[in-house]
Amino acid sequence: MPCAEDTTAECGTLNVPIDWDIPGGATVEMAVARRKATDPAARVGSLVVNPGGPGGSGVDFVVHGSSY
């Protein structure tokens, strides 16, 4: 769904395992955001962004960092 802060980006959540060795166990909800390629003909794949920490949100980086 479009992000509230910038509707040109898409925001959502994923449920991921807390312990990847127990994939059917407890999960945590993780916020995610994406921007589609501005030129689909030149698209080469996906880029996953994690700005590290402590610091800003990865979702905020994608939503507000469109100039990168």
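Data block above holds the structure.
The sections below set out a description of the structure shown in this document. Keep in mind it's a predicted model, so treat the numbers as computed, not measured. (Residues numbered from 1 in each chain as written. Predicted model: local features only at pLDDT ≥ 70, side-chain atom pairs only at ≥ 80, totals over all residues. Heavy atoms only, no water.)

1. With respect to the overall build of the protein
Assigned secondary structure in the protein consists of one helix and two strands. Rg of the C-alpha trace for the protein: 14 Å, well past the compact-globule value of 11 Å for 68 residues, more than 25% over. Overall, the protein is about 40 × 30 × 20 Å in size when its C-alpha atoms are taken along their principal axes. Of all 68 residues assigned to the protein, the portion counted as buried reaches 13%. Intrachain contacts of the protein at a sequence separation of at least 6 include 34% that bridge at least 24 residues. (Helix = DSSP H or I, 4+ residues; strand = E, 2+ residues; numbered from the N terminus. Rg over C-alpha atoms; globule rule 2.2 N^0.38 Å. Buried < 20%, exposed > 50% of the residue type's maximum accessible area, 1.4 Å probe, protein only. Contact = heavy atoms within 4.5 Å.)

2. Some details on the pattern of salt bridges
Throughout the structure, instances matching the rule amount to three salt bridges. For E10, the salt bridge is made with R34, and the minimal N-O distance between the two is 2.4 Å. On the criterion of sequence distance, the pair formed by E10 in strand 1 (residues 10-17) and R34 in strand 2 (residues 27-34) is long-range, its members being 24 residues apart. Ionic pairing is found between K36 and E10, a salt bridge with its closest N-O pair at 3.9 Å. Of this pair, K36 sits in the loop between strand 2 and helix 1 (58-64) while E10 sits in strand 1, placing them 26 residues apart in sequence. By relative accessible area, which is 56% here, K36 ends up exposed. The class of E10 is partly exposed, set by a relative accessible area of 27%. Each of E10, R34 and K36 takes part in one network of salt bridges that share partners. (Salt bridge = Lys/Arg side-chain N within 4 Å of Asp/Glu carboxyl O.)

3. Things to note about the environment of T13
Along the chain, T13 falls in strand 1. Setting aside chain neighbours within four positions, we find T13 in contact with E29, M30, A31 and V32.

4. Quick word on the side chain of D6
Tracing the backbone shows D6 in the segment before strand 1. When near neighbours in sequence (up to four residues on either side) are disregarded, D6 contacts R35 and V63.

5. Let's talk about the state of the cysteines
With the rule as written, the count across this model stands at one disulfide. The disulfide that involves C3 links it to C11, with 1.8 Å between the sulfurs. On the sign convention where negative is left-handed, the bridge of C3 and C11, at about 100° about the S-S bond, is right-handed. (Disulfide = S-S within 2.5 Å.)

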